[in-house]
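So the chains spell out like this:
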Amino acid sequence: MPSILQNIRRRDITFYRDGRINLTARISKTLGLKPGDSIDIITEGGEYYLHAIHHGLAVGHGVAQCRQARPDSPSLYVNSIALCRAMFLAIGFDGDKAAFAVGPAIIKNTKPYLPIITRMLL
């Protein structure tokens with residue numbers, strides 16, 4: 001008998017065709033992201049991993065730089081058309097919005113990486 005609630009996972013990261021990327025508070029806390037830090041996505045073995053690039057006290061503009069979604073909110077957003085287009089191309093998606101859950105953090109070289117679950121479009 002099929003379940004009515006086929007998908008009970010909540011989206012953690014949402015990519016929009018116009019370049020906006022929304023990150024939940026869970027992602028920002030796990031990766032230790034703060035406004036001004038940047039994100040990047042790496043691939044390894046056909047999997048996609050989200051990781052943080054912390055700028056600290058550096059001055060200047062970073063690529064895929066995080067900004068606060070609302071005052072006093074731990075949720076962040078990023079504007080990066082290049083990163084969104086690359087992600088849409090990599091997964092073969094041609095819609096306007098793609099939302100995914102992320103898995104538990106994996107530590108590599110003392111840095112946390114979050115696997116993006118691309119097999120389950122939310």
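These figures come from a predicted structure and were not determined experimentally.

Enquirer: So what about the overall build of the protein? Which residues, and what values?
Expert: Counting its secondary structure elements, the protein contains 2 helices and 9 strands. When the elements of the protein are put in sequence order from the N terminus, they spell out β-β-α-β-β-β-β-α-β-β-β. Across the 122 residues that make up the protein, the buried fraction comes to 39%. In the protein, of all internal contacts separated by at least 6 residues, the share reaching a separation of at least 24 is 55%. For the protein, the accessible area works out to roughly 7600 Å², and carbon and sulfur atoms hold 55% of it.

Enquirer: Which residues make up the pairing of strand E4 (residues 47–53), and what values do they have?
Expert: Among the 7 residues in E4, 5 count as buried, and that is most of the element. Where strand E3 (residues 38–44) and E4 come together, 7 bridges link them in antiparallel fashion. From the neighbouring strand, Glu 44 faces E4, where its bridge partner is Glu 47. In this sheet, strand E9 (residues 111–117) lies alongside E4 in antiparallel orientation, the contact comprising 3 bridges. Note that in E9 the partner of Tyr 48 across the bridge is Ile 116.

Enquirer: Any details on the packing of aromatic side chains? Residues and values, ideally.
Expert: Per the counting criterion, the structure on display carries 2 aromatic pairs. Its end group placed over the ring of Tyr 77, Arg 20 keeps NZ or CZ at 4.2 Å from the ring centre. The ring of Tyr 49 has Lys 108 lying over it, and the distance from NZ or CZ to the ring centre is 5.0 Å.

Enquirer: Pulling in residues and values, what's your account of the nonpolar core?
Expert: Here is a general trend for soluble globular proteins: nonpolar side chains tend to be buried in one another's company. Counting residues in each nonpolar core, the largest one holds 25 residues, and the members touching the most others are Ile 13, Leu 23, Ile 39 and Leu 50. Apart from residues lying up to four places away in sequence, Leu 23 is in contact with Asp 12, Ile 13, Leu 33, Ile 39, Leu 50, Cys 66, Ser 75, Leu 76 and Val 78.

Enquirer: Account for the environment of Asn 22, naming residues and giving values.
Expert: Here Asn 22 shows up in strand E2 (residues 20–23). A residue is classified by how much of its surface remains accessible, and Asn 22, at 23% relative accessible area, is partly exposed. Separated by 11 residues in the primary sequence, Asn 22 and Arg 11 place their C-alpha atoms 9.7 Å from one another. Within the structure, Asn 22 has its side chain in polar contact with the side chain of Arg 20 (distance 2.8 Å).

Enquirer: Explain the pairing of E2 to me, using residue names and the numbers behind them.
Expert: Burial along E2 is one-sided: the residues Ile 21 and Leu 23 are buried and none of Arg 20 and Asn 22 is. Taken together, the 3 bridges between strand E1 (residues 13–16) and E2 define a ladder with antiparallel strand orientation. Directly across from Ile 13, in E2, lies its bridge partner Leu 23. What sits between the antiparallel neighbours E1 and E2 is a turn of 3 residues, in which Gly 19 has the positive phi angle 105°. Summarising the sheet, E2 and strand E6 (residues 76–79) pair through 4 bridges and their orientation is antiparallel. Opposite Asn 22, over in E6, you have Tyr 77 as the bridge partner.

Reading the values: rules and limits
- Residues numbered from 1 in each chain as written.
- Predicted model: local features only at pLDDT ≥ 70, side-chain atom pairs only at ≥ 80, totals over all residues.
- Heavy atoms only, no water.
- Helix = DSSP H or I, 4+ residues; strand = E, 2+ residues; numbered from the N terminus.
- Buried < 20%, exposed > 50% of the residue type's maximum accessible area, 1.4 Å probe, protein only.
- Contact = heavy atoms within 4.5 Å.
- Areas by Shrake-Rupley, 256 points an atom, 1.4 Å probe, with all protein chains shown as cover.
- Pairing = 2+ DSSP bridges.
- Phe/Tyr/Trp six-rings, centres within 6.5 Å; stacked < 30°, edge-to-face > 60°.
- Lys NZ or Arg CZ within 6 Å of the ring centre and 35° of its normal.
- Core = buried A, V, L, I, M, F, W, Y, C linked by side-chain atoms within 4.5 Å.
- Polar contact = N/O pair within 3.5 Å; in protein donor to acceptor, adjacent residues only side chain to side chain.

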